[in-house]
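# Observations on the three-dimensional arrangement
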Amino acid sequence: TRPPMKEVELKQVFSVKKDLNGAGNVLFAWHPDGSYLACAGSSRIVNISNRQGQPVAEIPLTGVPLALDWDKDGEVLAVLQRDSGVVPLWDANKHKVSNLDTNMKDLTFLKWSLTGPQLAIGNQKGNLLLYNKRTLKKVPILGKHVKRITCGAWNADNKLALASEDKQVTISSGDDGDTITQTMLKSEPTQMRFSATKTDRLDSGRVDDGEKTVVAAVMNRKTLLLYDIEDPSNPIELAFQSKYGTIVSYRWFQTVHLLIGFETGFMVVVSTNPSEVGEEKVSIKAHQGRLVDLAFAPAINRVATCTSRDIMICDLVTNNWSEIHREYAKVPGETGDLTGLGWTADGTMLTVTADSGNLYCFLASLPCLSATCGGRYANLSSLQEISVQAVPGSLQAPHLVQLPLSVKISLEPTLLALGPEHVAIGMNNILVFHSLRSLQAVLEREYPGSVDKACLNASHAAVLSEGTVHVHPLPLPDGTEPPGRAGSFPDGDDRDVTDVALTADLLIYARRRGTVHFFAMQDWSAVCEYRHREAVIGVFPNELGTRVALVDAANGVCVYNPVKEEAIPVPEAPGGGSVTAVLWDVADRGVLATYDRRSFEAYIYSQGSMAGDAVGHIASLAVNSVANPVVLHAGQVVFQNTTGAMQTATLPSHDRVVAEGGMPAHAMSKEALQSAVEQNLRLHRFAEALDVAQHLDSRAVLAKIAEAALRALEVHLALRVYRQLGEVAMVMTISRIAQLEDTSLLAAHVAMAFGDYAKAQDLFLASSRPRGALEMRRNLLHWEEALQLAGTLAPEEVPAISRELAAQLEVRGDYQGALAMYDRARTGDPGHALDRQSQAGTARCLLRVGEVPRGVQLARESGDPSLCRDCAVILEEMKQRQDAALLYEKANLPDRAAAIYIKLKNWAAAGALMNQITSPKLQLEYARAKESDGKFEEAARAYEAAKDMDSVVRLLLERLNQPDRAFQLVRESKSSEGAKMVSRFCQERQDWRTAIEFLILSKAAEEAFELATSHDEMPTFTAALSKGGSPVQYQAVASYYELKGEFGRSGDFWLEAKDYPRALRLYLKCGEKEIDRAIEVVGKARTEQLTHALIDFLMGETDGVPKDPNYIFRLYMALGKYTEAGDTAVIIARQEQELGNYRVAHQILFDTHRELKAHNIQVPQALSQNLMLLHSYVIVKMLIKLNDHLSGARMLIRVAKNISKFPSHVVPILTTTVIECHRSNLRKSAFEYACTLMRPEHRPQVDQRYFKKIEHIVRKPDRTEEEETTSPSPYDPSTMVEDTQLECPTTRNVIPYCIATGRHIVLHDLCVCPSCGFPATYSYFCRVIDQMDDHACPMCSQPVSLASVRKFDEEEAAAWLKKYRERVKDKDGKD
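Residues numbered from 1 in each chain as written. Predicted model: local features only at pLDDT ≥ 70, side-chain atom pairs only at ≥ 80, totals over all residues. Heavy atoms only, no water.

## Concerning the sheet that holds strand 37 (residues 405-408)
Overall, antiparallel pairing links the four strands, which are arranged 34-35-36-37 in an open sheet. Strands with a single pairing partner mark the edges of an open sheet, and in this sheet they are strand 34 (370-373) and strand 37. Strand-to-strand twist across the sheet, computed as the mean angle between neighbouring axes with direction ignored, equals 25°. Sheet topology places strand 35 (residues 376-382) next to strand 36 (residues 385-390); six bridges connect them, and they run antiparallel. Across the sheet, the residue bridging to Tyr 377 is Gln 389, located in strand 36. (Pairing = 2+ DSSP bridges. Helix = DSSP H or I, 4+ residues; strand = E, 2+ residues; numbered from the N terminus. Axes fitted to C-alpha atoms, helices over the stretch in contact; angles between N-to-C directions.)

Have a look at this one:
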């Protein structure tokens, strides 16, 4: 894409026409400060004009001018002319010309030094002349080169580089011309320039060494040579693309860049940085035609190029090469070809020459002038107008002139100052003051010398002129004479003021000697004076003058507080550049920014914090093209760029704060909120940080805010945050100190809370309560520091602190120091606790330093068991065992004393203590000693006390002949070694059973087995082995019994060995006697082969004799086949039921039901139905016994309806049914079943006792019968169901029955049996348990305590019914 470009019209300031210059090329040179322009052409006259184009002087020449050059101070203009050895010198101060006779012919080169008073002149023969304008001394150097000197350059070290047609480069000293180095090149160099020349003039104090040593030159118009005068043997030659063509001109740009113009119209920027030397940064096709010249203005980073017709102007921005905006212009009315370009030093004027002899000066940019006053600033908006406006976002005071406004001016200023009511412009030694209300000039004043700086407040002006400050009043708004006083500072003849500032009340000025003076304007008296270690060159107060930033000659910056009369150093900026300005934020108290020509460095000045007054670095902002820093407001820097325009940039320390101010916090991202909190904390805006943090919901952020606020002594805000965090300890701490008015005391407590104890001590000592430092050190156990403090703050505390310090020194091992402190801690009162503690410490330390007798004596005299113990430990470490044992006894530590006595073989002393000894080790040592003495009974007791049962057993068997006691000890202790000893003892006495028992106990099972086999004591062996044997051992026993034909016992041990096939085979050999064990084997093995083998046996396949079906049921249960077991149980129960064994059948079904339920398996409906029917019959006798004949009759009716399932007792059951129904007035039912009994097949079997009665019921029938009572269905409470009906008519669900009555359950009176879990009616179940003799459950026959029966509430009953419903559903989801 083509770079942005536009056509512009240059504003011509003046021109010098060809009638003055003559036709042809024109030479020109601007004065260093842009006040004069010298030009010359073929007319052989040098025309000197001022900045407005007005003629100042003419210098006639004898020859055609070849070069014009101003010295570094702008005092002298030198002119080189052809065919003349005389160099005219024009004095800019006196406006006079003098001639310098060089005594040389054919002059070819002329150049003033950048830093010295020397002028270098070269000629055709290679000779050189150095002229010193101060001493007027001429130093000729013949033969510097052998051919014509063509070009040269000075550097900041006042060294001169010269190039010649002899292809050599010489580096010479500027003082005497001596050659330093001389280098031969391959071709003739031209256009020689040193790096970082800034219009070929440098401030040597502010240029790096590398910038002074590298010189560049054009070679053959195609390449550039980089030549380091410190390393002349390694030059670098830069070649360029062929499309660029030949080099027309070049300039150094920002030290490490070269700006090169090529004949084809290209402009290229190349890096000379060692890491990227020769790398093209940007290449611009500036012109379509042939490029004629190139000029660069370093002050504003602006470059101009031209062809014969067009001029191109652009700004170079190194941080964005792609955005280089170009402007094109023509010279109106010029018919000739353009030949040259040049800038003034400040970049405001662009000069253009043409071969017609015309010279034009255009205004390229306004002079960079600006001034500030509080939140308002002024800048030069045109050459005839000043704009005054307020900083965006600032509040304008109502009593001041409202902004913005413009002030018309009559002269082009070089200086600008702004006050609350006036704006001043100046040039040279004149200041013109304009009223901001009338916008008219109200005062014009001349000063004794040129004005360097002016400052205004509402009533006075302070003007710095050549080292003196002139203070005078300003006219009132109505133009009347001011009432204020006037004067000059300092008093006397000294003129050494370096900078001045003026606030509403104070005049502040600095002097070269390093003093800064504060002068009260209202009282017209000196306030204070500060003496700095270096000369102060910059004074920058805040708006009120309560804080002043000072910049010294060593580039140090500090903030001076005139109230406390102390200076706080400002940390050196990361860039390390020279500070030229300091801005105080007019809206954010304490924020200031320095500017060092490279970047703004932001700082925060904090006072009244825990750390005291301090300045901390908070941000850096690199900004290009800054001409004047103007004002800082709420983190936004307003500055004037190099084009004169005003720009605003936000400091990185405020970017999130500014964004937060313009955006609702809830709309910001989490990262933005966190950044805003961090910035607010760095700016000490704690309340704002807390407001933002409320949207983060982060305890860590709140804790950080609380800590930062507390460190800044913002205790009330910190207290608020800690309360929000729930930090009780911190809330209590801050609440105790929040009301302290002494800042140092408050800061001390805060420092202590954060663990900065050294800082806390200093703050306590500086506060109104210095004793707090001592209390803090005591609480922290910092006894050395506490003792030092106590000596001056609290002498009465010295003994107690000395005692604590002594204890600390004793722990560290400094016993001599501890002795001295213990001695110092004595009060002279033996009964005082300190004296007793000191005595104890002295005793311990005396022992440590070798004074044993004194130490032991003190310990024994004290009578303190604790001290005796401590001293005994020390003596034991020192091998003083006898004394240690005595002190252990004193300390009531018999174990420790006895241990020492035993080591010393003092058995008598040890024996006296053994009754008090609890240590097994000591008892063991004592026991061995007693055994060696032959006192076996005492030794046995000691061994037993030492828990050495093996030794006790040994003595009981071998020495004391107490085998029974030995046997008992081994059985209790399970000692393997003791068991071996007992086994050997028993074998010697042929007590085989006991020997086998203890062999097993001693883990000698094989030996025990052999002994059992040989002496036929296998039962003893197996009993001792119990369940702790191994498979191999069980196999051996099984084989033993199998050989003896005891198949059942052999099978038992094959089962223990988990050899299930052999165990089953042997069990089956025993027939039905071991079927239960066979079932157990198959249940454990669970293999198809063994299962089929057992089933074949049970079915009679092996011996032709079918076995009891109960075995099949038990087999299924053992195998976990509960469904098959359930089906089998039903069959078995039916068989038992048919045989009349109703209790047996009931028990089988109940057991099966319980097992299936326990394994969470569906209970078959047939099983549940048969169990219900059998249970109904079983409980009849219980109901009759309870005199509940009606319930018994109802149960008998239920059984009678299924009488076919009771074939063995049809007639007795029906007889009982008839009798109980008749007794319960169920006459209809009684008649019905009486008729059944009178049938021929049943009639003969009716008991004669009831025959006539039954016959009478049949002959005289009474069919009256009351309806059966009803109750709500548990599933549908709105439906009433007969009490004995077990199916809900609406839901068709099976209703659970009560195990006590046989009726269906009701939810409002429900419980379950604690043993079997079957449901029951709570009231009736309790009656059964209470009145029946066995107090047992009718279903499971287990005893039940009334206290264990609990009635369900409605929710529990409903939940139980729901589980029951889910449990009784069949696979199809039906009941």
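From this point, things continue past the structure.
## Overview of the confidence of the model for the chain
For the chain, the average pLDDT comes to 85, and 94% of its residues sit at 70 or higher. Within the model, the stretch residues 197-211 combines pLDDT values under 50 with 29 contacts to residues more than four positions away or in other chains. Ignoring residues within four places in sequence, the model shows residues 1370-1375, a span with pLDDT below 50, making twelve contacts including any to other chains. (pLDDT = per-residue confidence, 0-100. Contact = heavy atoms within 4.5 Å.)

## A closer look at the pairing of strand 7 (residues 65-70)
Buried residues dominate strand 7, accounting for five of its six residues. Direction of pairing for strand 7 relative to strand 8 (residues 76-81): antiparallel, over a ladder of five bridges. For Pro 65, the partnering residue across the bridge sits in strand 8 and is Gln 81. A loop of five residues connects strand 7 with strand 8, the two strands running antiparallel in sequence, and Gly 74 in this loop sits at a positive phi of about 75°. (Buried < 20%, exposed > 50% of the residue type's maximum accessible area, 1.4 Å probe, protein only.)

## Description of empty space enclosed by the protein
What the rule picks out here adds up to one cavity of 30 Å³ or more. Roughly 30 Å³ of volume is contained in the largest cavity. Lining the largest cavity are Val 169, Leu 185, Met 192, Val 215, Ala 216, Ala 217, Leu 225 and Tyr 227. Looking at the lining of the largest cavity, the elements that each hand over two or more residues are strand 20 (214-219) and strand 21 (223-228). Per-element tally for the lining of the largest cavity: the top contributor is strand 20, with three residues. The residue inventory of the lining of the largest cavity, partitioned by class, reads eight nonpolar, no polar and no charged. (1 Å grid on protein atoms, 1.4 Å probe; cavity = no way out; pocket = protein on both sides within 12 Å on 5 of 7 lines; lining within 4 Å. Points joined across faces, edges and corners; volume = space filled by probe spheres on them. Nonpolar A, V, L, I, M, F, W, Y, C, P; charged D, E, K, R; others polar.)

## Remarks on the packing of helix 7 (residues 715-725) against helix 8 (residues 728-737)
The N-to-C vectors of helix 7 and helix 8 enclose an angle of 155°; their axes lie 9 Å apart at closest approach. In terms of their interaxial angle, helix 7 and helix 8 are classed as roughly antiparallel. The interaxial crossing formed by helix 7 with helix 8 has left-handed handedness. Contact residues: Val 715, Ala 718, Leu 719, Tyr 722 and Arg 723 in helix 7; Met 730, Val 731, Ile 734 and Ser 735 in helix 8. The class makeup of the residues in the contact of helix 7 with helix 8 is seven nonpolar, one polar and one charged. (Parallel < 35°, antiparallel > 145°, perpendicular 65-115°, else oblique. Left-handed = near helix turned anticlockwise from the far one by under 90°.)

## Regarding the pattern of salt bridges
Tallied over the full model, the rule gives 52 salt bridges. For Asp 496, the salt bridge identified is with Arg 511, shortest N-O distance 2.9 Å. Residue Asp 496 is found in the loop between strand 45 (487-489) and strand 46 (497-502), and its partner Arg 511 is found in strand 47 (residues 506-511); the two are separated by 15 residues along the sequence. Each member of the pair Asp 496 and Arg 511 is classed as buried. Salt bridges sharing partners connect three or more residues here, namely Asp 71, Lys 72, Asp 73, Glu 75, Lys 133 and Arg 134. (Salt bridge = Lys/Arg side-chain N within 4 Å of Asp/Glu carboxyl O.)

## Brief notes about the nonpolar core
A general feature of soluble globular proteins is that nonpolar side chains tend to end up buried together. Counting 147 residues, the largest nonpolar core has Val 677, Ile 705, Tyr 722 and Phe 1021 as its most contacted members. No other element matches the seven residues that helix 7 contributes to this core. Excluding its chain neighbours within four sequence positions, the residues that come into contact with Tyr 722 are Ala 706, Glu 707, Leu 710, Glu 727, Met 730, Val 731 and Ile 734. Ranked by size, the runner-up nonpolar core spans 64 residues in total, among them Val 1163, Ala 1230, Phe 1231 and Phe 1318. (Core = buried A, V, L, I, M, F, W, Y, C linked by side-chain atoms within 4.5 Å.)

## A short note on the packing of aromatic side chains
Evaluation of the coordinates by the stated rule reveals 22 aromatic pairs. For the pair Tyr 360 and Phe 362, a centre-to-centre distance of 6.2 Å together with 20° between the ring planes defines the contact as stacked. Aromatic pair Tyr 1177 and Phe 1206: ring centres 5.7 Å apart, planes at 45°, arrangement tilted. Taken together, the residues span a long stretch of sequence, with Tyr 1177 in helix 37 (residues 1165-1178) and Phe 1206 in the loop between helix 39 (1189-1200) and helix 40 (1210-1223) at a distance of 29 residues. Here Phe 1206 falls in the buried class, since its relative accessible area comes to 0%. (Phe/Tyr/Trp six-rings, centres within 6.5 Å; stacked < 30°, edge-to-face > 60°.)

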